[in-house]
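# Commentary on secondary and tertiary structure
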Amino acid sequence: KLNLSIRTPLFERVLFPSLQQAMHSRVPGSFRLLAVLFSKLHNSKTCLNGIPEELHSPEMLLREELRLNPDDMKAGLQLVDLLARYASHTLHELPTGVLYGMDGASITQCDELLSFIDDFRHTAIRFGVLDTYKELIADGTFHYNAYKTYLQNGDFSDGYSEFLRKLKS
């Protein structure tokens, strides 16, 4: 993780134009560095408008880096870490429920989360770190499926925690 304090004028006038040129030239590591500096990029509409809209997230920047440079281990590990943080976020309100963004997940969103956790698993395997994330992936798989079943059940009177207790007994 990069721990630098970069003032906005320096980023906008010096760093971003160089990174933008490197990105357009497909210089290895340029998308990865933009992902690391995404908070600066996101805080500047001028800079954010300087990259394609489909790359307006750290995840998509890292995926583009890996598309261009499939063996970029740094980008791969950054992506795995990003996916792990998102998975942890979706589960941090347990046993109350599963989150999708800031709200409880819907049935459709549980399906999306199941696809997400599958992608997370494959990405962790690809970069050799599955053992590190095995428990998180297992928890996500279990809770995304269980929460979907809970929502499909339609009886919310006892809450998800009670649903889990009954499920385990």
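In the block above lies the structure referred to throughout.
To keep things clear, this report deals only with the structure shown in the data block. Counting of residues starts from 1 at the beginning of each chain's written sequence and follows it residue by residue. Reporting of local features is limited, given that this is a predicted model, to residues whose pLDDT is at least 70; pairs of side-chain atoms are given and counted only at 80 or more, and all residues count toward the totals for whole chains, interfaces and linings. Excluding hydrogens and water, the side-chain figures rest on all heavy atoms present in the structure.

## Things to note about the overall build of the chain
- By the criteria applied, helices consist of DSSP H or I runs no shorter than four residues and strands consist of E runs no shorter than two, each listed in order from the N terminus. Each helix and strand counted, the chain has 9 helices and 2 strands in total.
- Ordered by position from N to C terminus, the α and β elements of the chain give α-α-α-α-α-α-β-β-α-α-α.
- Its C-alpha atoms put the chain at 60 × 35 × 25 Å along the principal axes.
- Charge convention: Lys and Arg are scored as positive, Asp and Glu as negative, and His as well as the terminal groups of each chain are ignored. Working definition for charges: the position is that of NZ of Lys, CZ of Arg, CG of Asp or CD of Glu. Charge-centre separation for the chain: the mean point of 18 positive side chains lies 6 Å from the mean point of 21 negative side chains.

## Points about helix 5 (residues 58-68)
- Buried means the residue's accessible area, taken with a 1.4 Å probe over protein chains only, is under 20% of the maximum for its type, while exposed means over 50%, and partly exposed covers the values in between. All of the buried residues in helix 5 are L61, L62, E64, E65 and L66.
- The contact rule is simple, with two residues in contact once any of their heavy atoms fall within 4.5 Å. Tucked into the core, helix 5 has its buried residues touching helix 2 (30-36), helix 3 (38-42), helix 6 (73-91) and helix 7 (107-126).

## Notes on the packing of aromatic side chains
- Any Phe, Tyr or Trp ring, taking Trp's six-membered ring, that has another such ring centre within 6.5 Å forms a pair; planes under 30 degrees apart are called stacked, those over 60 apart edge-to-face, and the others tilted. Across all of its chains, the model carries 10 aromatic pairs by this definition.
- Here the aromatic rings of F11 and F16 are separated by 6.1 Å at their centres, their planes lie at 40°, and the arrangement is tilted.
- The buried category is assigned to F16, whose relative accessible area is 5%.
- The interplanar angle of 85° and the centroid separation of 5.1 Å between the aromatic rings of Y86 and F116 together place this pair among those described as edge-to-face. Here Y86 is found in helix 6, whereas its partner F116 is found in helix 7, with 30 residues between them in sequence.
- Three or more aromatic residues joined by ring pairs form one cluster here, namely Y147, Y150, F156, Y160 and F163.

## Describing the packing of helix 8 (residues 130-153) against helix 9 (residues 159-168)
- Angles here are taken between N-to-C directions and fall from 0 to 180 degrees, while the axes themselves are lines fitted to C-alpha atoms, restricted in helices to the stretch in contact. Orientation of helix 8 relative to helix 9, taken along the N-to-C sense of each, is 105°, at an axis distance of 10 Å. As summarised for this structure, helix 8 and helix 9 are arranged roughly perpendicular, according to the angle between their axes. Only G159, Y160, F163, L164, L167 and K168 of helix 9 make contact with helix 8, whose side of the interface consists of F142, H143, A146, Y147, T149, Y150 and N153.
- Within the contact of helix 8 with helix 9, the residues separate by chemical class into 8 nonpolar, 4 polar and 1 charged. For classification purposes, angles smaller than 35 degrees are called roughly parallel, those larger than 145 roughly antiparallel, those between 65 and 115 roughly perpendicular, and all remaining angles oblique. Nonpolar residues are Ala, Val, Leu, Ile, Met, Phe, Trp, Tyr, Cys and Pro. Charged residues are Asp, Glu, Lys and Arg, and all others, Gly as well, are polar.

## Description of the nonpolar core
- Of all hydrophobic cores here, the largest spans 47 residues; its most connected members are L41, I51, L61, F120, Y133, Y144 and Y147.
- If one sorts the elements of this core by residue count, helix 8 sits on top with 8 residues.
- When sequence neighbours within four positions are dropped, the list of residues in contact with L41 reads F11, F16, L34, C47, L48, I51 and L61. We call a set of buried residues a nonpolar core when its members are Ala, Val, Leu, Ile, Met, Phe, Trp, Tyr or Cys and they connect through side-chain atoms within 4.5 Å of each other.

## Some words on the packing of helix 6 against helix 8
- For the pair helix 6 and helix 8, the least separation of the axes is 10 Å and the interaxial angle reads 45°. Between helix 6 and helix 8, the interaxial angle falls into the category oblique. Pair helix 6 / helix 8 crosses with left-handed handedness. Mapping the contact onto sequence places V80, D81, A84, A87, S88, T90 and L91 in helix 6 and Y133, L136, D139, G140, H143 and Y144 in helix 8.
- Of the residues that constitute the contact of helix 6 with helix 8, the class distribution is 7 nonpolar, 4 polar and 2 charged. The crossing is said to be left-handed when, going from far helix to near helix, the turn is anticlockwise and less than a right angle, and right-handed when the turn is clockwise.

## Brief notes about the environment of L55
- For L55, the position within the fold is in the loop between helix 4 (45-48) and helix 5.
- What makes L55 buried here is its relative accessible area of 8%.
- Separated by 31 residues in the primary sequence, L55 and H24 have C-alpha atoms spaced 13 Å apart.
- Beyond its immediate chain neighbours, meaning those up to four positions away, L55 contacts F31, F38, M60, L61 and E64.

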